[in-house]
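Examination of the molecular architecture
Listed below, chain by chain, are the residues.
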Amino acid sequence: MSSEILPRFDGFGVGLRPQHYPAFLEQGALVDFVEVISENFMVRGGRPLYVLDAVRERYPVALHGVSMSIGSADGLKMDYLRRLKSLADRTRPLWVSDHLCWTGVEGFNSHDLLPLPYTEETLELVSANIRTAQDVLERPLVLENPSSYLTFADDEMTEWDFLGELTRRTGCFLLLDVNNIYVSGSNHGFDPSDYVDGVPFDRVRQIHLAGHSQGKGLLIDTHDQAVPDPVWDLYETVAARVGPVAAMIERDDDIPPLEELLAEVQIARARHQASHRAHAA
Amino acid sequence: MSLLALQRGLKQHILGAVPGEGGAYRGDAAAGLAVYHNAYRVQLVACLRDTYEKTWAWIGDEAFETAARDYIAEYPPSSWTLNVYGAEFPAYLLARFPEDAEIAELAWLDWALRRAFDGEDAPPLSPEVLGALDWEQTVLTFAPTLELASVTTNVAAIWSALAEETNPPPVEALPEPAAVRVWRAGLSPQYRTIGPAEFRAIDLLQRGESFGNTCAVVSEGLDEAAATQLIGEMLSTWIQDELIVGARAEP
């Protein structure tokens, strides 16, 4: 399908986590939008779908998946795509996103976001998979840049060139995770500003802001702490160039009280405004 | 190297007993491979802890972690959803702790309650509909989340104490056969210990037997007053528990 049109959403949000369901169900407008993990709601019934429906009445919702495995060499799981389509039809999301990665192959699922070699072969395969996904979902796909801890001897291009080419070949859009750029840049020795220079910003619809941890010789994308200053600084660079998009705080572990996340949302708003003032000057 | 060959290689690194090395990567890949090797296990152990929270509390960190890691080595996940990961863990624990039946029974209860949590919705029949039924000829449909298992220990009391974070009672063998049924009422997963008559009745009804025939079977050997009391209490509990979601006349 043609995927040229995906309206922008200009606002700030958080990833909705179970600890914060009561607040989102009981209080007024806390953020401009929320993002939910698709797989948590690809269930048959019960509280998850009750909560999602109720939250959707109050907020725009972005569906963010972790299991599409768009880069699996043995193709996509059609049962997964059909379940996701069903959820998307129910939720009427801003968009449906997943990661540029593979999670498993030949009947194995690691439930981790595994890295891809950036080669022409991979480009052709991922492009074909994106077209299939977009056809089944009847929506454009939004792809997120992953954090990674390996690069491949066969790599023929940078990640940002790979993503740009994917958008040209398939009409997909991008979710730019600023923390992941920072983490992968540190792990693989590239300058995040080169990444930012290479991203086709007209295709970016969403931004993730998160924290990371120091591992043994590598930064680890743990998403378990506040956004650190270098990631905020990189966000300002991105915000100055990206135009109106949905930006959000993403926390997946050690979930703090909602107030802490909302305070980070306020920082994101301030950093965004600062970037535009600097840009205008 | 083809993409498929590369993915098979990384899969083997992740599944291996120790993180491996390989020529497919740029530079020194040992640290990166170790991250993926470790993250895979950490996430699956966390998944099992989450699903089997009371079992974990009962057997303790060390025993649970060891059992979980051995299970993960034997049962790598294949589904796209972690919701179904760990389905074989109760049976695995039974084989691992054959002298401690309450462990596998606790695990079954953890699993069944988790599945009931996001299982299929089905509203209970209203009192008006129930009141109009010709019960003798009726075939009932129970909530789709209903699961039953025979138990030999006071596992329900142990689970309940662990859920309330009070001191669990010591394990006791039940004096007579019993079962636990799990279902969801509204949005809340529930469990209840039931006796052999109710277990038999639900089993028959789930096989499509009529309510009348089921009552006849489970009342065998009882005088009329006892049979009436048994059936009345059973039916009243099912209605109170929102278990009956469908009814049709026997063909």
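Note that this is a predicted model, so its numbers are computed, not measured. (Residues numbered from 1 in each chain as written. Chains lettered and ligands numbered in written order. Predicted model: local features only at pLDDT ≥ 70, side-chain atom pairs only at ≥ 80, totals over all residues. Heavy atoms only, no water.)

**Quick notes on the overall build of chain A**
So the rule is basically this: Helical segments are the DSSP runs of H or I of at least four residues, strand segments are the runs of E of at least two, and each set is numbered from the N terminus. Using C-alpha atoms as the atom set, the radius of gyration is obtained and then compared with a globule rule of 2.2 Å times the number of residues to the power 0.38. Residue burial is assigned from relative accessible area. The probe radius is 1.4 Å, only protein chains are included, and a residue is buried under 20% of its type maximum, exposed over 50%, and partly exposed in between. Every residue pair with non-hydrogen atoms within 4.5 Å of one another is taken to be in contact. To be clear on the numbers: accessible area is Shrake-Rupley with a 1.4 Å probe, and residue cover counts the displayed protein chains and nothing else. Charged-residue counts in this description rest on Lys and Arg as positive and Asp and Glu as negative, His and the chain ends being excluded. A single reference atom marks each charge: NZ on Lys, CZ on Arg, CG on Asp, CD on Glu.
Looking only at helices and strands, chain A features 10 helices and 12 strands. The globule rule puts the C-alpha radius of gyration for 281 residues at 19 Å, and the 18 Å found for chain A is close to it. Taken over 281 residues, chain A has a buried fraction of 61%. For chain A, the proportion of contacts with a sequence separation of at least 24, taken over those separated by at least 6, is 78%. For chain A, the exposed surface amounts to about 10300 Å²; the carbon and sulfur share of it is 48%. For chain A, the centre of its 24 positive side-chain charges and the centre of its 43 negative side-chain charges are spaced 8 Å apart.

**Things to note about the environment of B:Ala73**
Its location among the elements puts B:Ala73 in helix α4 (residues 61–74). Between the C-alpha atoms of B:Ala73 and B:Leu15, which are 58 residues apart in sequence, the distance is 7.5 Å.

**Some words on helix α5 (residues 89–96) of chain B**
Residues and elements named next belong to chain B. For clarity, the cut-off: Note that the arc is computed from the directions linking the helix axis to the C-beta atoms.
By the burial criterion, the buried members of α5 are Phe89, Pro90, Tyr92 and Leu93. Each buried residue of α5 lies within a common arc of 160° when the element is viewed along its axis, so the set occupies one face. Residues of α5 that are exposed and point over 90 degrees away from its buried face: Ala91 and Ala95. Contacts from the buried residues of α5 go to α3 (53–59), α4 and α6 (101–117).

**Section: the pairing of strand β4 (residues 96–99) of chain A**
Residues and elements named next belong to chain A. Cut-off, in case you're wondering: If DSSP finds at least two bridges between two strands, the strands pair. Every crossover in which the path from the first strand over the helix to the second runs clockwise, viewed with the strands pointing away from the viewer, is termed right-handed.
The alternating pattern of β4 places Val96 and Asp98 on one face and Ser97 and His99 on the opposite face, and all of these are buried. With 2 bridges connecting them, strand β3 (residues 61–64) and β4 associate as parallel partners. Bridged to Leu63 within β4 is Val96. Since β3 and β4 lie parallel, the crossover through helix α4 (residues 78–91) that links them has a hand, and here it is right-handed. Bridge count between β4 and strand β7 (residues 141–144): 4 bridges; the pairing is parallel. Within β7, the position partnered with His99 by the bridge is Glu144.

**Examining the domain arrangement of chain B**
How big an interface is tends to be reported as the loss of accessible area on association of its parts. How we decide: The source of the domain bounds is an automatic or database domain assignment.
Each assigned domain of chain B is listed with its residue range as follows: domain 1 (3–99) and domain 2 (127–249). Taking only C-alpha atoms, the centre of domain 1 of chain B and the centre of domain 2 of chain B are 37 Å apart.

**Thoughts on the environment of A:Arg269**
Residue and element names in this part refer to chain A. Within the secondary structure, Arg269 sits in helix α10 (residues 258–280). Overall, Arg269 belongs to the partly exposed group, its relative accessible area being 23%. Residue contacts for Arg269: discarding those within four places in its chain leaves Phe12 and Asp32.

**Concerning the interface of chain B and chain A**
Convention followed: Joining two parts hides part of their accessible area as seen by a 1.4 Å probe, and the buried area is that hidden amount summed over both. A carboxyl oxygen of Asp or Glu within 4 Å of a side-chain nitrogen of Lys or Arg is what we treat as a salt bridge.
Contact with chain B, which involves 39 residues of that partner, is made by 46 residues of chain A. Both sides together, the interface formed by chain B and chain A hides about 3600 Å², and carbon and sulfur atoms give 64% of it. By the criterion of area lost to chain A, the three top residues of chain B are B:Leu3, B:Tyr36 and B:Trp80, representing 25% of everything that side buries. Joining chain B to chain A, the criterion identifies 1 salt bridge. Note that A:Glu106 is salt-bridged to B:Arg8, the shortest N-O span being 2.5 Å. Of all the elements in the fold, those that place two or more residues in the side of chain B that touches chain A are α1 (3–15) and α2 (30–51) of chain B.

**What to know about the packing of helix α9 (residues 196–206) of chain B against helix α10 (residues 211–218) of chain B**
Residues and elements named next belong to chain B. As a reminder of what qualifies: The angle between two axes is taken between their N-to-C directions and runs from 0 to 180 degrees, where each axis is a line fitted to C-alpha atoms and a helix contributes only its stretch in contact. For classification, angles of less than 35 degrees are called roughly parallel, those exceeding 145 degrees roughly antiparallel, those between 65 and 115 degrees roughly perpendicular, and all remaining angles oblique. Helix crossings are classified by the rotation of the near helix relative to the far one: an anticlockwise turn of less than a right angle makes the crossing left-handed, while a clockwise turn makes it right-handed. Note on residue categories: nonpolar means Ala, Val, Leu, Ile, Met, Phe, Trp, Tyr, Cys or Pro, charged means Asp, Glu, Lys or Arg, and polar means any other residue, Gly included.
Between α9 and α10, whose axes approach to 9 Å, the crossing angle comes to 150°. The orientation of α9 relative to α10 falls into the category roughly antiparallel. Crossing handedness for the pair α9 and α10: right-handed. On the side of α9, the interface is formed by Ala197, Arg200, Ala201, Leu204 and Leu205, while α10 contributes Phe211, Thr214, Val217 and Val218. By residue class, the composition of the contact of α9 with α10 is 7 nonpolar, 1 polar and 1 charged.

**Overview of the layout of surface pockets**
This is how it is decided: Here a cavity denotes grid points, spaced 1 Å and computed from the protein atoms alone, that fit a 1.4 Å probe unable to get out, and a pocket denotes an open set having protein on both sides within 12 Å along at least 5 of 7 lines; residues with an atom within 4 Å of a point are the lining. Grid points are joined across faces, edges and corners, and a volume is the space filled by probe spheres set on the points.
When its volume is computed, the second largest pocket comes out at roughly 300 Å³. What lines the second largest pocket is a set of 16 residues, and nearest its centre among them are A:Thr151, A:Asp155, A:His188, A:Phe190 and B:Arg26. Counting residues per element, the ones that place at least two in the lining of the second largest pocket are α6 (159–170) and α7 (178–188) of chain A. A breakdown of the residues in the lining of the second largest pocket according to their chemical character gives 8 nonpolar, 5 polar and 3 charged.

**Observations regarding the pattern of salt bridges**
Here the structure, examined in full by the defined rule, presents 25 salt bridges over all chains. A salt bridge links A:Asp89 to A:Arg139, with the nearest nitrogen and oxygen atoms 3.2 Å apart. Here A:Asp89, found in helix α4, pairs with A:Arg139, found in the loop between α5 (120–137) and β7; they are 50 residues apart in sequence, far enough to count as distant. We classify A:Asp89 as partly exposed; its relative accessible area is 40%. The partner of B:Lys54 in a salt bridge is B:Glu53, and the shortest N-O contact between them spans 3.5 Å. Shared partners join several salt bridges into a network, and the residues in it are A:Lys85, A:Asp89, A:Glu138 and A:Arg139.

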